[in-house]
Structure formats: structure tokens, C-alpha cells
Amino acid sequence: MSAIGGGIGAASRRIEDARFLKGEGCFTDDLVPENAARGYVLRSPYANALIRGIDTKAAQAAPGVIAVLTGEDVAADELGDIPCARQMKKRDGAPMYQPPRPVLNRHSVRYVGDHVAFVIAETVNQAKDAAELIEVDYEALPAVTSLRQVLAPGAPAIRADCPDNHCFHHEAGDRDAVDAAFAEAAHVVRLEVPISRVQPTPLEPRAVIGEYDPARDSYTLITGTQSPNRAINFLAEPVLKIERDRLRVVCHDMGGGFGNRSAPYHEQVLAMWAAKRIGRPVKWTCERSESFQADDQGRDNLTMAEMALDGDGNFLAIRVRTATNTGAYVYGNGPNPMVGNIGCLAGVYRTPAIHVEVDAYFTNTNGTSAYRGAGRPEAIYVLERLIDAAARQTGIDPVELRRRNLIRPDEFPYQTALTFNYDSGDFAGNMDKALALMDHAGFAARRAESASRGRLRGRGVINAIESAGKMERGEEAVLDLGADGRAILKAGTCAHGQGHETAFRQLLTEYLGLGFDDVDFQQGDSAVLPTAAGTFGSRSITIGGGAVRMAAFDVIEQAKSVAADALEAAAADIVFAEGVFTVAGTDRTIALREVCRHAAETGRTLESHAEYAPDATTYPNACHICEVEIDPETGRVEIQGYGAVGDFGVVVNPMIVEGQMHGGIAQGAGQILLEQIVWDADSGQLLTGSFMDYAMPRADDLSEIRIGMNPQPTTKNSLGVKGCGEAGCVGSLAAVMNAIIDALAQRGVTDLEMPATPHRVWRALHGAAA
């Protein structure tokens with residue numbers, strides 16, 4: 001087992017895991033402020049309805065009840081609507097249709113789980129009991145829950161002033177060049193690609209504590225969030241109608257995020273607003289079954305994709321038309337995963353022309369937002385499904401077809417036909433190493449052995465690339481060296497399982513020679529770093545790590561002056577390495593710890609507040625290979641092997657990278673094999689509202705996962721890193737599904753919708769046989 005400690009490249013065990021395994025973490029629900037009341041949200045039982053009246057008198061009189069708040073109270077206190085961070089446009093250039101997203105609804109509800117009332121009581125059970133006494137007069141309306149429903153002729157309008165349920169249109173690429181390429185193509189491949197909706201389900205359900213300070217007329221929000229300052233942007237001025245500095249957001253330990261916790265939530269506002277109204281802290285904790293109605297969900301696209309190829313199998317153009325489901329409202333980060341990463345459709349290939357259109361539609365469902373990869377896995381899934389379909393149509397081996405079209409190392413920097421500009425990579429090297437890792441030469445024998453047992457074996461080989469570390473803004477870090485030589489590192493990122501406490505310590509070991517025990521790590525408080533961006537989009541090591549490096553180098557320069565004084569030398573003659581300052585060309589030295597003591601004794605501080613922004617986005621990439629075996633009698637799919645070789649640039653901690661890849665691969669495989677949010681088509685009722693109905697992947701649904709590295713350092717940031725947090729999920733959807741279809745193609749099945757449940761696979765096989 002690896003030890004704890006080491007600099008860049010060391011496979012150090014994660015220092016934070018010890019307290020989590022011993023139950024010593026500090027999560028929001030662990031906190032119980034003095035005199036705190038408990039909140040409970042009354043949610044709509046209807047997918048689409050008008051509210052004709054709400055009677056709360058019985059609930060107000062129930063035991064333990066402190067207050068019952070409704071949309072009328074929201075209006076009376078003039079709270080604003082939940083905003084949308086990204087404004088899109090219609091096809092004609094008009095602003096997108098954006099319905100109000102009130103904290104509590106007064107006039108209508110638009111999905112099962114929509115917010116109707118907030119009950120505050122002494123205990124959560126008292127609040128629940130009182131909520132059952134609230135009488136709401138609903139007038140039920142027709143509902144639509146799926147993209148196929150909303151796109152069908154005569155689909156009911158969710159709102160009268162948006163008869164087509166259309167939210168926005170987005171277009172990118174070169175339409176004329178694509179049309180010209182298709183007109184001259186020797187081969188044209190067409191594919192309809194639905195991508196199911198999934199529930200993020202982090203290990204820790206959401207929880208919120210709201211506090212109000214009347215003396216300062218300010219609020220404190222304690223909650224698990226991927227970005228405390230982004231939460232302030234969403235909630236302070238737009239909703240609470242206060243200045244930013246009157247809202248403090250604190251995030252302690254957080255059990256998973258996956259993008260789900262980068263969005264604003266009603267309960268965050270409700271707890272703070274209720275705390276002000278009753279003069280006490282208010283706590284709300286989401287229950288697991290409630291989260292299926294309360295949380296944002298992910299994915300949910302329907303794509304028509306086409307690829308044009310010449311007679312030699314060279315890619316000429318790609319055309320994509322995607323309908324995406326924004327849910328009942330558009331708010332928070334909603335549009336970002338729908339359009340923000342469509343550049344991934346270029347992949348690692350030399351496709352000269354690409355054109356994409358995206359249309360977002362409203363349905364009577366939860367809102368959709370970022371989910372691990374946030375548009376990247378969807379784009380790679382569409383692209384790599386197309387390539388396998390092209391291989392079948394042209395008769396070219398799918399590995400060879402990919403190889404013919406890969407961007408070559410001598411072509412960097414490479415501007416793709418769709419926004420991305422790659423600075424480095426070895427895509428052929430990734431594929432060669434992955435094929436060797438997964439014993440490409442032995443696949444035919446394994447397939448024959450499976451066939452001898454009546455099983456179907458298939459393999460998916462795909463290449464994935466993504467954008468990481470996007471620079472909507474930089475990142476902060478504060479580093480303070482005390483008199484005893486210990487460091488306090490305050491990071492602007494906000495870890496929720498990634499291992500920041502370990503990786504950032506490794507940077508300080510590398511640059512300052514500090515041991516892990518010499519560093520105290522802090523994060524997640526907007527009052528400490530009021531402009532920090534947080535953790536999302538695989539940005540923490542690329543941008544947050546850059547800020548830590550900058551702070552370390554700044555402190556070294558400050559300490560050189562102190563060391564020069566102590567050694568009676570010129571600061572220009574001082575060099576620093578492995579925790580020791582030396583007068584160049586001499587044996588006169590002083591350790592960093594002694595420099596810290598000397599600085600304190602002479603009234604100087606060694607502290608840096610660094611703000612770092614890299615030159616450009618990075619592009620982690622990998623080749624994924626999956627092998628599956630299918631039992632035709634039952635339709636059961638078993639993953640027999642999975643491997644990936646990735647280029648993540650400089651690798652700070654290989655063990656953490658492998659862990660991130662394992663988790664991402666499991667999430668992608670789970671979506672392909674098991675996971676899907678389903679509503680009743682007629683009533684709009686949620687049918688997969690708990691883990692009894694929504695299947696999550698387990699250990700025995702996966703195989704051994706082998707990870708290899710092919711690092712090609714980037715020059716676009718100071719560490720040379722590319723990021724890895726979403727890379728596993730970006731590639732695994734396509735790898736697993738292509739493997740399944742490769743197996744099924746032996747029986748004439750060349751297309752299948754996710755999830756590939758035993759029932760769906762069995763029906764496809766027997767339908768093909770018939």
C-alpha cells in the first residue's frame with residue numbers, strides 16, 4: 001500500500017480518507033445550531049396544474065409549527081425569482097423564453113415535486129405532519145414529460161404563452177461547408193441517438209442551514225456546494241435583494257457533487273428567508289426519495305446525427321441536430337451542458353466540417369443541469385456511435401477507421417472544425433497502448449470461446465476528448481507560513497471527493513519541501529476567499545493548483561529576503577531547494593522552518609494571496625476499450641473487461657487519477673446498463689422515485705478496470721496538467737454501448753437505446769430473429 005506523502009508524481013494515499021472512514025467528517029446534516037427549527041417542503045403531486053387556492057390554517061395550528069410560508073408570503077416580501085446564468089436566444093434572435101422560477105409557486109405547478117409551501121416546526125416530523133394538513137385546490141392540466149412527446153404534433157402547451165414549448169435555439173459550425181461535403185460523399189451514415197435522463201444521487205443528500213443576523217442584516221448559508229461564491233451570485237442580489245457582502249456561504253465536507261451541487265436551489269433561499277422571519281436558524285435536510293423530486297437531473301437529449309465519408313473512409317463532415325430537455329423551467333446553469341461542450345463532437349479526428357443545431361424544450365419534469373461531464377459524454381457518445389455505424393456500413397474495421405482519421409502529433413496546435421483548439425496530444429499512442437493493455441490480439445479467441453458457450457461477446461474501442469479547466473474566471477489560494485514553519489493553505493476550490501487535501505499538499509511538498517502534517521488545509525468559506533470560483537469542469541488542479549503553485553513561489557521569494565538577512569548575504573545570491581535556502585556557491589544554509597522563525601522574530605510575515613488564470617483551456621483525452629458478454633436467453637449484459645489509457649498531462653497523483661477514472665467509468669456504465677428516470681406518459685407521475693425503481697450500478701455490475709497513462713504535458717498552464725475528474729465518464733458511455741452493439745450485431749441488431757437492460761436486449765434479439 002502506498003504511503004501518505006510525496007511531491008508531484010507520488011501515488012500518495014489520500015490524507016482526508018482517514019477522518020471519513022472513522023466517521024469524523026463534518027457534513028451539513030451533522031451540524032445542529034442552537035435553537036434551530038426544522039423545515040419541510042410541501043411539493044406538488046401534479047405534473048401540471050393551476051393553483052386555485054391554498055388553505056394553511058389547520059397546518060398553522062398543528063403542534064410544534066412555527067410558520068407556514070407560501071407564494072403569497074414570497075410576493076409580500078418581494079423575493080426575486082431563481083435566475084438563469086446563461087441567456088440564450090431563439091432562432092430569430094429574440095431572447096429565449098424564460099418563465100418565472102419563484103421560490104414558492106402561487107399560481108401554478110409544472111412538475112411533480114414543484115415547490116408549494118414551506119413548513120417550519122420544532123421537529124421535522126411535526127413539519128411533515130403539518131404539511132399534510134395544508135389544503136391546496138389544484139386544477140390539473142395535461143402534461144408532457146419526454147422529448148418524443150413534446151416534439152409530436154399536437155403536444156399540449158405547458159404554458160399558454162409558449163405554445164410550442166420551445167426555450168432556445170443554438171447553432172455552431174459551418175452549415176455551407178457541411179452541406180457541400182455531404183453532397184459529394186461516397187458514404188453517408190445516419191443515426192438517431194437518444195440519451196436518457198439520469199439522477200445524480202451523490203452519496204450525501206443535500207442539506208441546508210440558514211441563519212440571519214439582524215444586527216448586520218446579513219445571512220449565512222451552510223450547505224454543500226461546489227462553489228460558495230457562485231451560490232452568492234445566484235441568490236444574493238437576484239433573489240434576496242441584498243448586496244453580495246451580506247451573504248456568507250460556508251461549505252464543510254460534502255459527499256459528492258457531480259455538477260448537481262453547482263446549481264442554486266429553492267431550499268437554500270427558503271432556509272435563510274425563514275430564519276429571518278422566525279428569528280432562529282432553520283435547517284432542511286433532503287431525504288433520499290425526496291431528492292428524486294427535489295434535485296436537478298442530468299442528460300436527456302434526442303439527437304439526429306449524420307456523418308459523410310469519402311471512398312477511403314476519410315471523415316468529410318458531421319451534421320448534428322439535437323433536441324434537449326430543459327425540464328419545466330430554465331434557471332441556474334441549465335443551458336450550459338446543452339451547448340457548452342458541443343466542441344467535443346470534433347473528437348480527436350481531422351473532420352474538416354461540422355455543423356450543430358441545438359433546440360431546448362420545456363417538459364413537466366425536474367430541471368436539468370450539469371451532471372459529470374456536462375455535455376461532454378453526450379457529444380462523444382454521438383460521435384463514437386456514428387463512427388462504429390460508419391465502420392459497419394463501409395466494411396472498414398472500426399479501429400482502422402479511427403486510426404485513418406486521427407489528428408497526428410505533427411499537426412499540433414490543431415484547430416478543429418468546432419471551436420476546440422488542441423495544443424498537444426498523442427491520440428494514436430493512446431489507442432496503441434490501450435489495445436495492448438486489453439490484449440487486442442486475443443479478442444477473436446475470446447469471442448470464439450464465448451460463442452462456444454452460447455454467449456455473444458462484443459468490444460467497443462473509442463477515443464474521447466474533453467475541454468477542462470474552463471476560464472470563466474481564475475482561482476485563488478492563500479498560503480500563510482507561521483513562526484513554527486507550519487503552513488495554512490486556504491484553497492478557492494471546493495472538494496467533494498476529489499482529494500484536494502492530498503493533491504494540494506503534494507504541490508507544497510514539491511515546491512516548499514513541507515510534509516503533509518505541516519499543512520493545515522481550509523476551503524469552502526466565501527468570507528475567506530470572496531472571489532474564488534470553486535470546483536467544476538475538471539478545473540481544480542489546472543487552475544486551483546496553479547494558484548497554489550503561484551502562492552508557493554511568491555512565499556519562496558519573500559523568504560529569500562529573510563534567509564539573506566539570517567545568512568548575512570544578498571537576496572540575489574540565495575537559492576532554494578528541498579526546503580533549504582543556500583548562499584549560492586557556499587555551504588551556508590538555513591532551513592525553511594528556521595526562516596519562518598526568523599521572520600516572526602523580526603516582525604515579518606510570509607504570506608501570499610495568489611490569483612491565477614491559465615492561458616487557455618486544456619483537453620484531457622483517452623482511448624477506452626470495453627468488452628462485454630451477453631446471454632441471449634436472458635438478455636443480461638456482463639462487462640468482461642474495461643481499460644483506458646489517458647493523457648492527463650502532468651499527473652500529480654496517479655492513485656487519485658485512477659480513482660477518478662474508476663468512478664467516472666462506473667457512472668457511464670451505470671447509465672448504459674441500468675439508470676433511467678421514467679415518468680408515466682399520461683399522468684406525468686415519476687415512476688423511478690427511489691432506489692427500488694431506479695437502478696444504480698453495483699460492484700458486481702463492473703469488471704476489473706485497468707488504467708494506463710500517456711502523459712503529454714500542456715503548455716497552457718503552469719503545472720502542465722490537463723485534469724481528469726470527468727474523463728472516465730466522458731468515454732465510458734460510448735465504449736460500453738459500442739461493445740454491446742458489437743455483440744448484438746452478430747445477430748443482426750445494430751442499434752439499441754440506453755439503458756441496455758436485460759428486457760430491452762432480449763426484445764431486440766428476438767425482434768431481430770423474428
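In the block above lies the structure referred to throughout.
To start, this report covers the structure provided alongside it. Everything quoted here is computed from the prediction, not taken from an experiment. (Residues numbered from 1 in each chain as written. Predicted model: local features only at pLDDT ≥ 70, side-chain atom pairs only at ≥ 80, totals over all residues. Heavy atoms only, no water.)

## Points about the sheet that holds strand β27 (residues 637–647)
Part 1 of the reasoning: Strand order in the open sheet made by the four strands is β18-β26-β27-β28, with mixed pairing throughout. Every interior strand has two partners, whereas the edge strands, β18 (456–465) and β28 (705–709), have only one. Direction aside, neighbouring strands of the sheet carry axes that sit 15° apart on average.
Part 2 of the reasoning: Relative to β27, strand β26 (residues 621–630) is paired through 10 bridges, and the arrangement is antiparallel. (Pairing = 2+ DSSP bridges. Helix = DSSP H or I, 4+ residues; strand = E, 2+ residues; numbered from the N terminus. Axes fitted to C-alpha atoms, helices over the stretch in contact; angles between N-to-C directions.)

## Quick look at the pairing of strand β11 (residues 247–250)
Part 1 of the reasoning: The sheet contact formed by strand β10 (residues 218–223) and β11 spans four bridges and is parallel. What sits directly across from T220, in β11, is R248.
Part 2 of the reasoning: With respect to chirality, the unit in which β10 leads through helix α7 (residues 228–240) into the neighbouring parallel β11 is right-handed. (Right-handed = clockwise from strand over helix to strand, strands pointing away.)

## A look at the nonpolar core
Part 1 of the reasoning: If you look at the biggest cluster of nonpolar residues, it comprises 111 residues, and the most contacted ones within it are M307, Y381, Y422, I630, V736 and I740.
Part 2 of the reasoning: Sort the elements by how many residues they give to this core and helix α19 (residues 727–744) lands first, with 13 residues.
Part 3 of the reasoning: If near-sequence neighbours (up to four positions away) are discounted, Y381 is found in contact with V193, P194, I195, I672, L733, A734, M737 and M754.
Part 4 of the reasoning: Membership of the second largest hydrophobic core comes to 43 residues, among which are L507, A563, I574 and A599. (Core = buried A, V, L, I, M, F, W, Y, C linked by side-chain atoms within 4.5 Å. Buried < 20%, exposed > 50% of the residue type's maximum accessible area, 1.4 Å probe, protein only. Contact = heavy atoms within 4.5 Å.)

## Here's the deal with the packing of aromatic side chains
Part 1 of the reasoning: Across all of its chains, the model carries 16 aromatic pairs by this definition.
Part 2 of the reasoning: With 5.6 Å between their ring centres and 75° between their planes, F412 and F427 make a pair best called edge-to-face. In this pair, F412 is assigned in the loop between α12 (398–405) and β16 (414–415) and F427 in helix α13 (residues 427–437), connecting sequence segments 15 residues apart. Residue F412 shares its accessibility class with F427, and that shared class is buried.
Part 3 of the reasoning: With centroids separated by 5.1 Å and ring planes inclined at 80°, the aromatic side chains of Y511 and F553 adopt a geometry described as edge-to-face. One end of the pair, Y511, is in helix α15 (residues 500–512); the other, F553, is in helix α16 (residues 540–567), and 42 residues separate them in sequence.
Part 4 of the reasoning: Members of the aromatic cluster, connected to one another through ring pairs, are F412, F420, Y422, F427 and Y619.
Part 5 of the reasoning: One residue, R159, lies across the ring of Y329, its end atom 5.1 Å from the ring centre.
Part 6 of the reasoning: The ring of F182 carries the charged tip of R319 above its face, separated from the ring centre by 4.2 Å. (Phe/Tyr/Trp six-rings, centres within 6.5 Å; stacked < 30°, edge-to-face > 60°. Lys NZ or Arg CZ within 6 Å of the ring centre and 35° of its normal.)

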